[in-house]
Amino acid sequence: MRLSWWRVATAALVCCAAASGAEYLVYAGTYTRGGSHGIYGYRFDTRTGKMRALGLEAEVSNPSYLIEHPDHRFLYAVSEDAAGMVSAYLIDPKSGKLSLVNRVSSKGDGPCHLALDREGRWLAVANYNSGSVAVLPLRKDGGLGEAAAFVQHTGTGVNPQRQAGPHAHAVVFSPDNRYLLAADLGADRIFVYRFDAETGALRPAETPSVAVTPGSGVRHLVFHPNGKVLYAVNELASTVTAWLWDAAAGRLAELQTVSSLPPGYAGPNTAGEIAVNGAGTMVYASNRGCDCLALLVVDPVRFTLSALEFTPLIGQTPRHFALDPTGAYLLVANQGSDSLTVYTVHPRTGQIRPMGHPVTGVAMPTVVVFIKPE
C-alpha cells in the first residue's frame, strides 16, 4: 500500500512539473585530480526528471564548491588549491556556457565553501587548509574585487589527524544580514562575526564563538526558514546539531544533537552535506561511508529533530546534494562513483526515491547547483 501511495504521489508530482514545463541548468563542480577538467553543465527537465549533459563549461582547477548569484546571471567557484582562488563566471542561459569574468585570491589555502550576503553584494569564502575566512566585494559586472575583510581562525581539536589546526569548512550569513557564521572543523567551533553590509568588514560578535562537542568536526551550516534555528552537520561525529539563534545578540545556544546514521551502523563514515526544505519540515544530511541520506523531521514547535528514515543512496561517497528550486527533486553528487543521481521528493513526507539511472561521465563530482530559469 505504501509503495502504491508513493507511485500515485510521484505521478502527481511529475504531472505538476510537466504543467510548468520548467527546465533548469545544472552545474557540477569537481576535483580535477580525478580526471575532470572543471565545471560541467547539464539540462534538467522537470517534466521527466532527466538530465542531458552539455559537457565541460569552464576549465578550472578543483572547482569543489559553486554558488549562483540571486539574479541567476553569475556563477562563483572556488579553486581548492594551495594558492586559493575564487572565479566569477557569466552564465549563458541558452547554451549553458560559462564565460570567465575574473578571478581573485581567496586569501588562503584550500578554499572549500562560499556564501552570498542577502543583497548579493558580498561573497564570503572559507579556506579549509589555512583555517581562515575572507569577504570579497562583487562588482556591477558580476566580477570579484580583492578581499575587503579577512580573519584567521585559531584552535585545535581532539582528533590529531584532522584537528591539529583550524580548518574553516563553511560560511553562512544570518537571515538579517547582520552576522557571518563560520564552521571550523579543526577548531571544533562555530565562529560568529558582525558583518557590515556597507564595507564588508567583519568583527567578532559579543560571543565570538561557541564550542561544539569535542571531536565533532563541524562541517556545514544551514538556517531554518524561520531564521531562529541553525542546523549543523558534524563530519567526524556523523551527527546533526540544532542551535537556537538569538538574532538580536548574535549568539548560539545548543538545542539538540542527533545521529545522522541508522541505528546499528558501525562502519566508517563522515557526514557530508546538510539542507532544509523550503517548508522547514525536513532536514536532510548525507553520509559518506554509509552512503545514505538521513531524513530528519523538524518538530513544528520546538524545531528539534527526529529520524524518519535513512535512505540508501545509489552511488558512493555522496559529498553534496541539492534540492531543486521547487523542492520536487533532489540531486546527489557521488564523488566516489563518478556519478550524479536524481531523486523525486515526496510532496508531503519528504521521502526520496531514485528516478532513472545515475548520470555518469563526470569524474569526482563534489557539488551540484540548480540555476533557476528566468
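Everything below is about the structure shown above.
All figures in this text were calculated on a predicted structure; none of them were measured in a lab. (Residues numbered from 1 in each chain as written. Predicted model: local features only at pLDDT ≥ 70, side-chain atom pairs only at ≥ 80, totals over all residues. Heavy atoms only, no water.)

Caption draft 1: Up close: the sheet that holds strand S2 (residues 38-45). Read across the sheet, four strands follow the order S3-S2-S1-S29 without closing on themselves; strand pairing throughout is antiparallel. Looking at strand neighbours, the two that pair on one side only are strand S3 (50-59) and strand S29 (365-371), the edges of this open sheet. Along the sheet, successive strands turn relative to each other by an average axial angle of 25 degrees, direction set aside. Inspection of the sheet shows strand S1 (residues 23-30) paired to S29 by six bridges, in the antiparallel sense. Looking across to S29, one finds that Gly29 is bridged to Val367. (Pairing = 2+ DSSP bridges. Helix = DSSP H or I, 4+ residues; strand = E, 2+ residues; numbered from the N terminus. Axes fitted to C-alpha atoms, helices over the stretch in contact; angles between N-to-C directions.)

Caption draft 2: How the structure looks around the packing of aromatic side chains. Counted according to the given criterion, the structure contains eight aromatic pairs. Arranged with centres 6.4 Å apart and planes meeting at 10 degrees, the rings of Tyr24 and Phe44 form a pair that is stacked. Taken together, the residues Tyr24 in strand S1 and Phe44 in strand S2 connect sequence positions 20 residues apart. Among the aromatic side chains, those forming a connected cluster through ring pairs are Tyr24, Phe44, Tyr329 and Phe370. (Phe/Tyr/Trp six-rings, centres within 6.5 Å; stacked < 30°, edge-to-face > 60°.)

Caption draft 3: View of the sheet that holds strand S19 (residues 251-259). Strand order across the open sheet formed by four strands is S16-S17-S18-S19, with antiparallel pairing between neighbours. If you trace the sheet from one side to the other, it starts and ends with strand S16 (218-223) and S19, each paired once. Going from strand to strand, the sheet's axes swing by 25 degrees on average, the running direction of each strand aside. Relative to strand S17 (residues 229-234), S16 is paired through five bridges, and the arrangement is antiparallel. Bridge pairing in S17 places Phe223 opposite Leu230.

Caption draft 4: Main features of the state of the cysteines. Tallied over the entire structure, the rule returns one disulfide. There is a disulfide in this structure between Cys290 and Cys292, and the S-S distance comes to 2.3 Å. Looking down the S-S bond of the Cys290 and Cys292 bridge, the torsion is 110 degrees, so its handedness is right-handed. Here the two residues Cys290 and Cys292 agree in accessibility, since each one is buried. (Disulfide = S-S within 2.5 Å. Buried < 20%, exposed > 50% of the residue type's maximum accessible area, 1.4 Å probe, protein only.)

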